[in-house]
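Structural features, examined
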Amino acid sequence: MLPISLIVLGGILLVSGILLLIKLKPERNESLTQVIAAVKADGILTPKEEKLVREVAQTEGKDGDLIVALIREELEASEEDSETELIDVNAKAGYDFEKFVVRKFDKKYFDIRNWAGDKFVEGRFADTTTQPDIQLSLTLRGDSYPFAVECKWRSEPSGDFVRFANDGQLERYKAFAKQENYPVFIVLGIGGKPADPAELYILPVHELNKPVLHKAGLAKYRKKVDSDFFYDQKSQELS
């Protein structure tokens, strides 16, 4: 017959073991949670991280393959949301600047003939997407004088050059002006906010050879931000 002291000691060890298991279980759960959180934090699931997730999941009796698959789905969804958000932000900035420009044309004298929208999906877009943003007409004594405006807003450039169009855009604007037989202007806003730029420039497309200009070359095209636009129908100049 075992001494009473040994029985008591065995009971204590048994209870201690049970308590230790209970204590370790949530720690292991927390470890898996921490691993998953770390993987999601950097937005990338590397092969080493994937292996670690499976190993930790196995120690907890969970399906590592399923957890890895769920992580991948969540990261992919997060990436799509970020890209969509970026597109939305850029679109809003462009639209805000277009509205700023439109308000510079007195509606007593200027009519908006077309205000294009840059909508596309899977490489498909309307023909108007490649045209200047806004087509207007100055109306004087019953006569109409058409012209077009492309709106571009840029945050403060870090270098000495400002790119006001993408490759191919300038050529398309020149082709549009030739086809329609009326001038096209690029209204360029720099700095500040799209709805309230710090600087404003009017670039006649027919004077431009490249879609980029040195800051010094912009000086002659500068316009006061707080003044309205004026179109001279005889010289076909926008100021």
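None of these values were measured; they are calculated from a predicted model.

By the secondary structure assignment, Lys-152 is in strand β5 (residues 143-154). Within the structure, Lys-152 has its side chain in polar contact with the side chain of Glu-150 (distance 3.4 Å). Engagement of the side chain of Lys-152 in a polar contact is seen with the side chain of Gln-169, the distance being 3.2 Å.

Turning next to unusual backbone geometry. Look at Arg-141: it is not a glycine, yet its phi comes out positive at around 50°. Turning to its location among the elements, Arg-141 is positioned in the loop between β4 (134-140) and β5. For Arg-141, a relative accessible area of 77% corresponds to the exposed category. Located in the positive-phi region is Asn-181, a residue other than glycine, with phi close to 60°. Within the element layout of this structure, Asn-181 appears in the loop between α4 (169-180) and β7 (184-190).

Most of β4 is tucked away: 5 of the 7 residues are buried. Pairing geometry for strand β1 (residues 110-115) and β4, over 5 bridges, is antiparallel. Across the sheet, residue Trp-115 finds its bridge partner in β4, namely Ile-134. Pairing of β4 with β5, which is carried by 7 bridges, proceeds in the antiparallel orientation. What sits directly across from Ser-137, in β5, is Pro-146. Taking the residues that link successive antiparallel strands as the turn, the β4-β5 hairpin has 2 residues, and the phi of Arg-141 there is positive, at about 50°.

The subject of this paragraph is the packing of aromatic side chains. Counted under the stated rule, the structure contains 10 aromatic pairs. Look at Phe-147 and Phe-185: their rings are 6.3 Å apart centre to centre, the planes differ by 75°, and that puts the pair in the edge-to-face class. With Phe-147 in strand β5 and Phe-185 in strand β7, the pair connects residues that are 38 residues apart, well separated along the chain. For the residue pair Phe-147 and Phe-185, the accessibility class agrees, reading buried in each case.

A word on the nonpolar core. If you look at the biggest cluster of nonpolar residues, it comprises 20 residues, and the most contacted ones within it are Phe-164, Leu-188, Leu-203 and Leu-218. Taken together, the elements giving at least two residues each to this core come down to α4, β7 and β8 (199-204). Discounting chain neighbours no more than four positions away, the residues touching Leu-188 are Phe-97, Lys-152, Arg-154, Val-162, Phe-164, Glu-199, Leu-200, Tyr-201, Leu-203 and Leu-218. Grouped together as the second largest cluster of nonpolar side chains are 19 residues, Phe-97, Val-102, Ile-134 and Leu-200 included.

Let us look at the pattern of salt bridges. Evaluated as defined, the whole model comprises 5 salt bridges. With a shortest N-O distance of 2.5 Å, Glu-50 and Arg-54 are connected by a salt bridge. Of this pair, Glu-50 and Arg-54 both sit in helix α2 (residues 47-59), 4 residues apart, roughly one helical turn. Taking relative accessible area as the criterion, Arg-54 reaches 29% and is therefore assigned partly exposed. A cluster of three or more residues bridged by salt bridges with shared partners is formed by Glu-50, Arg-54, Asp-65 and Arg-72.

This part covers a nonpolar patch on the surface. On the surface, a cluster of nonpolar side chains totalling about 290 Å² of accessible area is made up of Tyr-95, Ile-112 and Trp-115. Residue placement: Ile-112 occurs in strand β1.

The subject of this paragraph is α2. It helps to recall that an α-helix has 3.6 residues per turn; residues three or four apart then point in one direction. Here α2 spans 19 Å end to end across 13 residues, near enough to the 18 Å set by a 1.5 Å rise per residue. Those residues of α2 that sit buried are Glu-49, Glu-50, Val-53, Val-56 and Ala-57. Seen along its axis, α2 keeps its buried residues to an arc of 135°; they face one direction. Away from the buried face of α2 by more than 90 degrees, exposed residues Pro-47, Lys-48, Lys-51, Gln-58 and Thr-59 are located.

Taken together, 6 strands build an open sheet; the order of strands is β1-β4-β5-β7-β8-β10 and the sheet is mixed. Each of the sheet's edge strands pairs with one partner strand only, and the pair in question is β1 and β10 (222-223).

What counts as what
- Residues numbered from 1 in each chain as written.
- Predicted model: local features only at pLDDT ≥ 70, side-chain atom pairs only at ≥ 80, totals over all residues.
- Heavy atoms only, no water.
- Helix = DSSP H or I, 4+ residues; strand = E, 2+ residues; numbered from the N terminus.
- Polar contact = N/O pair within 3.5 Å; in protein donor to acceptor, adjacent residues only side chain to side chain.
- Buried < 20%, exposed > 50% of the residue type's maximum accessible area, 1.4 Å probe, protein only.
- Pairing = 2+ DSSP bridges.
- Phe/Tyr/Trp six-rings, centres within 6.5 Å; stacked < 30°, edge-to-face > 60°.
- Core = buried A, V, L, I, M, F, W, Y, C linked by side-chain atoms within 4.5 Å.
- Contact = heavy atoms within 4.5 Å.
- Salt bridge = Lys/Arg side-chain N within 4 Å of Asp/Glu carboxyl O.
- Patch = residues over 30% accessible without salt bridge, like charges linked within 9 Å, V, L, I, M, F, W, Y side chains within 5 Å.
- Areas by Shrake-Rupley, 256 points an atom, 1.4 Å probe, with all protein chains shown as cover.
- Expected span 1.5 Å × (residues − 1).
- Arc of directions from axis to C-beta.

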